[in-house]
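Letter by letter, the chains look like this.
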Amino acid sequence: MQQANTNIVIRNPFGTMDVPGPDDRDVMDYAASASLSGDAADVNAVHWADIPARADPLEGIWASRWNGGADPTIGGDTPETWKQGRAEVRVAGNRIYLRFDWDHGRRHGLIDAAREGARLVGKYINLTNPAITRPWVGLVVDAARIDGCFPNGRLDFRR
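Our subject in this report is the structure included herewith. Everything numeric in this text was worked out from a predicted model, so none of it was measured.

### Side note on the sheet that holds strand E1 (residues 60-66)
Through backbone hydrogen bonds, the strands of a sheet pair up, either in parallel or in antiparallel fashion.
Here is step 1 of the chain: Ordered in space as E1-E2-E3-E4-E5-E6-E7-E8, the eight strands form a closed barrel in which the pairing is antiparallel. Strand-to-strand twist across the sheet, computed as the mean angle between neighbouring axes with direction ignored, equals 30 degrees.

### Quick look at the packing of aromatic side chains
Here is step 1 of the chain: Applying the stated criterion across every chain, the model contains five aromatic pairs.
Here is step 2 of the chain: Measuring from ring centre to ring centre gives 6.3 Å for Trp-136 and Phe-157, while their planes differ by 80 degrees; the resulting arrangement is edge-to-face. In this pair, Trp-136 is assigned in strand E6 (residues 133-142) and Phe-157 in strand E8 (residues 153-158), connecting sequence segments 21 residues apart.
Here is step 3 of the chain: An aromatic cluster is present here, built from Trp-66, Phe-100, Trp-102, Tyr-124, Trp-136 and Phe-157 joined pairwise through their rings.

### Overview of the side chain of Asp-18
Here is step 1 of the chain: Take Asp-18: it is sitting in the segment before helix H1 (25-33).
Here is step 2 of the chain: At 4.1 Å, Arg-11 is the nearest oppositely charged side chain to Asp-18, a buried residue that forms no salt bridge.
Here is step 3 of the chain: Within polar-contact distance, the side chain of Asp-18 engages the backbone nitrogen of Arg-11 at 2.8 Å.
Here is step 4 of the chain: At a separation of 2.8 Å, a polar atom in the side chain of Asp-18 contacts the side chain of Asn-12.

### Observations concerning the nonpolar core
When a protein is soluble and globular, its nonpolar side chains tend to lie buried together.
Here is step 1 of the chain: If you look at the biggest cluster of nonpolar residues, it comprises 19 residues, and the most contacted ones within it are Leu-98, Phe-100, Ile-111, Trp-136, Ile-146, Leu-155 and Phe-157.
Here is step 2 of the chain: Looking at this core, the elements with two or more residues in it are E1, strand E2 (83-92), strand E3 (95-102), strand E4 (107-116), strand E5 (119-126), E6, strand E7 (145-150) and E8.
Here is step 3 of the chain: Residue contributions to this core peak at four residues, all from E3.
Here is step 4 of the chain: Listed in part, the nine residues of the second largest apolar core include Val-27, Tyr-30, Leu-36 and Leu-139.

### Some remarks on the pairing of E2
Here is step 1 of the chain: Inspection of the sheet shows E1 paired to E2 by seven bridges, in the antiparallel sense. The residue of E2 that forms the bridge with Gly-60 is Val-89.
Here is step 2 of the chain: Judged from the six bridges that link them, E2 and E3 form a sheet pairing that is antiparallel. Bridge assignment links Arg-90 to a residue of E3, and that residue is Tyr-97.

### Remarks on the side chain of Arg-158
Here is step 1 of the chain: Within the secondary structure, Arg-158 sits in strand E8.
Here is step 2 of the chain: It is Asp-142 that comes nearest to the buried, bridge-free Arg-158 among opposite-charge side chains, at 5.5 Å.
Here is step 3 of the chain: Within the structure, Arg-158 has its side chain in polar contact with the side chain of His-47 (distance 2.9 Å).
Here is step 4 of the chain: Ignoring anything within four residues of it in the chain, the contact list for Arg-158 reads Asn-44, Ala-45, Val-46, His-47, Trp-48, Ala-49, Trp-62, Ala-63, Ala-144 and Arg-145.

### A closer look at the pattern of salt bridges
Here is step 1 of the chain: Throughout the structure, instances matching the rule amount to 13 salt bridges.
Here is step 2 of the chain: Put simply, Asp-42 and Arg-154 hold a salt bridge, and the shortest N to O gap is 2.9 Å. Linking Asp-42 in the loop between H1 and E1 with Arg-154 in strand E8, this pair joins segments that are 112 residues apart in sequence. Neither residue differs from the other here; Asp-42 and Arg-154 are each classed as buried.
Here is step 3 of the chain: Its salt-bridge partner being Asp-112, residue Arg-95 comes within 2.7 Å of it at the nearest N-O pair. Placement of Arg-95 in strand E3 and of Asp-112 in strand E4 is noted, with a sequence separation of 17 residues between them.

Calculation notes
Residues numbered from 1 in each chain as written. Predicted model: local features only at pLDDT ≥ 70, side-chain atom pairs only at ≥ 80, totals over all residues. Heavy atoms only, no water. Pairing = 2+ DSSP bridges. Helix = DSSP H or I, 4+ residues; strand = E, 2+ residues; numbered from the N terminus. Axes fitted to C-alpha atoms, helices over the stretch in contact; angles between N-to-C directions. Phe/Tyr/Trp six-rings, centres within 6.5 Å; stacked < 30°, edge-to-face > 60°. Buried < 20%, exposed > 50% of the residue type's maximum accessible area, 1.4 Å probe, protein only. Lys, Arg positive; Asp, Glu negative; His and termini not counted. Salt bridge = Lys/Arg side-chain N within 4 Å of Asp/Glu carboxyl O. Polar contact = N/O pair within 3.5 Å; in protein donor to acceptor, adjacent residues only side chain to side chain. Core = buried A, V, L, I, M, F, W, Y, C linked by side-chain atoms within 4.5 Å. Contact = heavy atoms within 4.5 Å.

Here's what the structure looks like:
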């Protein structure tokens, strides 16, 4: 099947819908107040994923998990429940793109973030329901851990 030429330029390397305004005022306001310590007391410090790291420090396959909101498509879900899934990280210049899923691959999200040293500042879009977007801030702790938060909760990555 051939796709029609729509002359739409896609920024992200996954070829999916782009995150709208990944550097907008909501993102910058949230980034100014968000804090991630990256220390051993952080909830993402405990090793919870078994994905081998590749030679590249960030790109590749990761595990993801998020909480802080209830997904109405998952029966019995609560804001405190971790929704786990798979993720892939791609780097394009100073931008980091994190595409992830949950609910056994039935739901998908994308983060488009600027890299400021170890800090990542950007926005999340729910690719399954694009009306849902949130500012997101991450901290690259090491090649096997990215701590992340959004205004309602956490969105972390591990390998």
